[in-house]
Amino acid sequence: GFEVFCKGETDISDASRAIKDEEVAACKKGGVEYEELRVASDGITIVSGKNADLGGDGNLTKDQLKAVWGPDSKIKNWSEIPGGNFKGVKLTLAGPDSQSGTYDFFNEEVLGEDAKGDTLAPRQDYSASADDNVIVRAVEGAEGGMGYFGYTYYEENQDKLMAWKVDGVAPSAETITSGDYPLSRPLFIYVSKKSLQKPEVKAFVKYYLENATSLAEETQFVPAPQDALDKSLETLNAG
C-alpha cells in the first residue's frame, strides 16, 4: 500500500501500523505530502483451537511469546514454553506473512530489536499466509496450534477458536480501545494532501471520519477513541 501511495499512484492508503521511516523517505522522494488520520483500533489476538487441552491458565506473557516466536526458538512442544505449566502437546504455529502490517506490529511489540536496532524476524518454521482465513484453519486443525491475527478474525471464529490473555489481559473491544490490552494498535488512513484538494476525496474522508465509529462496529473492528477521531476531523477541516 505505502509503496504505491508514496509514488503518488493512490489518494489514500489504509494502514494497520504507523508509517515507517523508509516509507516517509519514499513519500518525500515521490513528492507526496500526507495527513495521518486515526480511524479505528485493533488488537493482535493470540489464538488456539476452541477445545484445545493445553494446560496453563489461559494466559501467555509477552516473554513467553518471544520465547516461542523468536528467530532462534527451538520450542516444539507446549511443555517447553518457559514458566507456563503447559501440557506435553506438539506445538504448531501459523501467522501472517512478511508483507502484512500485522506481522510487522507483532514482531516490533513481541520480538523487539537486534543490536543494530532492526526489528527481529520470527522463526521460519511456521505456516505463513496473507489470508487470515488460512491461519484460522491451520490453528483450528491442529491439536496444539497457536496463531495470531487481528481481533476481527477471532470475533468471526469464536466457535472455532479460543483467545489467550496476554500479560493477564483478555482482548476485547473495551481493553483494545483503552490500550490496556498489551497488543493493541491504532489503525490509520494516510491521505495525500494533493488529493485532498479534490472535493470528492475530501468529502469521502470527511464522511469516513464522521461515521468511523459505526463503520468500525459494522465491520467488526474496534472503534478509535473519540478524541482521536475528533483530532483527525480537526486536522482535515484545518487543511
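For the structure, see preceding data.
Calculation rules
Residues numbered from 1 in each chain as written. Predicted model: local features only at pLDDT ≥ 70, side-chain atom pairs only at ≥ 80, totals over all residues. Heavy atoms only, no water. Helix = DSSP H or I, 4+ residues; strand = E, 2+ residues; numbered from the N terminus. Rg over C-alpha atoms; globule rule 2.2 N^0.38 Å. Buried < 20%, exposed > 50% of the residue type's maximum accessible area, 1.4 Å probe, protein only. Contact = heavy atoms within 4.5 Å. Areas by Shrake-Rupley, 256 points an atom, 1.4 Å probe, with all protein chains shown as cover. Lys, Arg positive; Asp, Glu negative; His and termini not counted. Charge placed at Lys NZ, Arg CZ, Asp CG, Glu CD. Phe/Tyr/Trp six-rings, centres within 6.5 Å; stacked < 30°, edge-to-face > 60°. Lys NZ or Arg CZ within 6 Å of the ring centre and 35° of its normal. 1 Å grid on protein atoms, 1.4 Å probe; cavity = no way out; pocket = protein on both sides within 12 Å on 5 of 7 lines; lining within 4 Å. Points joined across faces, edges and corners; volume = space filled by probe spheres on them. Nonpolar A, V, L, I, M, F, W, Y, C, P; charged D, E, K, R; others polar. Patch = residues over 30% accessible without salt bridge, like charges linked within 9 Å, V, L, I, M, F, W, Y side chains within 5 Å. Salt bridge = Lys/Arg side-chain N within 4 Å of Asp/Glu carboxyl O. Polar contact = N/O pair within 3.5 Å; in protein donor to acceptor, adjacent residues only side chain to side chain.

**Q** Is there a simple way to think about the overall build of the protein in this case?
**A** Along the protein, the regular secondary structure elements total ten helices and ten strands. Computed over C-alpha atoms, the radius of gyration of the protein comes to 19 Å, within 12% of the 18 Å expected from 2.2 N^0.38 for 239 residues, which places it in the range of a compact globule. Taking the principal axes of the C-alpha coordinates as reference, the protein spans close to 60 × 40 × 25 Å. Split into buried and exposed, the 239 residues of the protein put 45% on the buried side. A sequence separation of at least 24 residues applies to 71% of the contacts in the protein between residues at least 6 apart. Of the roughly 12,100 Å² of accessible surface on the protein, a fraction of 46% belongs to carbon and sulfur atoms. Distance between charge centroids for the protein: 4 Å, based on 25 positive and 41 negative side chains.

**Q** Hey, could you run me through the packing of aromatic side chains in this one?
**A** Given two aromatic rings, one states the distance between the centres and the angle between the planes to describe the pair. Counted by the stated rule, this structure contains 14 aromatic pairs. Summarising the aromatic geometry, the rings of Phe 106 and Tyr 148 are spaced 3.9 Å apart at their centres and angled 15° between planes, so their arrangement reads as stacked. In this pair, Phe 106 is assigned in helix α4 (residues 101-111) and Tyr 148 in strand β6 (residues 145-150), connecting sequence segments 42 residues apart. The exposure class assigned to Tyr 148 is buried, which follows from its relative accessible area of 1%. Among the aromatic residues, ring-to-ring pairing joins Phe 2, Phe 5, Tyr 34, Phe 188 and Tyr 190 into one connected group. Just above the ring of Phe 105 sits the side chain of Arg 185; from NZ or CZ to the centre is 6.0 Å.

**Q** Where do I start with the layout of surface pockets in this structure?
**A** Rolled over the atoms, a probe as big as a water molecule pinpoints where empty space is left. In this model, the largest pocket occupies a volume close to 910 Å³. Around the largest pocket sit 36 residues that line it, and Asp 14, Ala 15, Ser 16, Gly 101 and Leu 187 are the ones nearest its centre. At the level of secondary structure, the elements contributing two or more residues to the lining of the largest pocket comprise α1 (2-5), β1 (12-15), β2 (34-49), α4, α6 (151-156), β9 (184-192) and α9 (212-218). The class makeup of the residues in the lining of the largest pocket is 15 nonpolar, twelve polar and nine charged. By volume, the second largest pocket amounts to about 210 Å³. Surrounding the second largest pocket, Lys 20, Glu 22, Tyr 103, Asp 104, Asn 107, Glu 108, Glu 113, Gly 117, Asp 118, Thr 119, Leu 120 and Ala 121 form its lining. The dominant element in the lining of the second largest pocket, judged by the number of residues it contributes, is α4, at four residues. In terms of residue class, the lining of the second largest pocket is made up of three nonpolar, three polar and six charged.

**Q** Any chance you could explain a negative patch on the surface here in plain terms?
**A** On the surface, a cluster of negative charge is made up of Glu 108, Glu 113, Asp 114 and Asp 118. On the secondary structure map, Asp 118 appears in the loop between α4 and β5 (127-129).

**Q** Explain the side chain of Asn 59 here, please?
**A** Structurally, Asn 59 can be placed in strand β3 (residues 59-60). Engagement of the side chain of Asn 59 in a polar contact is seen with the backbone nitrogen of Gly 168, the distance being 2.6 Å. Residues within four places of Asn 59 in sequence aside, it is in contact with Gln 64, Phe 86, Trp 164, Lys 165, Val 166, Asp 167, Gly 168 and Val 169.

**Q** Mind showing me how you'd approach the pattern of salt bridges here?
**A** Opposite charge on two side chains allows them to pair when their charged atoms are near. Considering all chains together, one arrives at eleven salt bridges under this definition. The salt bridge involving Lys 193 is made with Glu 33; its shortest N-O contact spans 3.9 Å. Within this pair, whereas Lys 193 is found in the loop between β9 and α8 (199-210), its partner Glu 33 is found in the loop between α2 (21-29) and β2, the two being separated by 160 residues in sequence. The class for Glu 33 is exposed, based on a relative accessible area of 53%. With a shortest N-O distance of 2.8 Å, Asp 53 and Lys 87 are connected by a salt bridge. Highlighted residues: Asp 53 in the loop between β2 and β3 and Lys 87 in the loop between α3 (62-69) and β4 (92-96), separated in sequence by 34 residues. Given the relative accessible area of 48%, Asp 53 is considered partly exposed.

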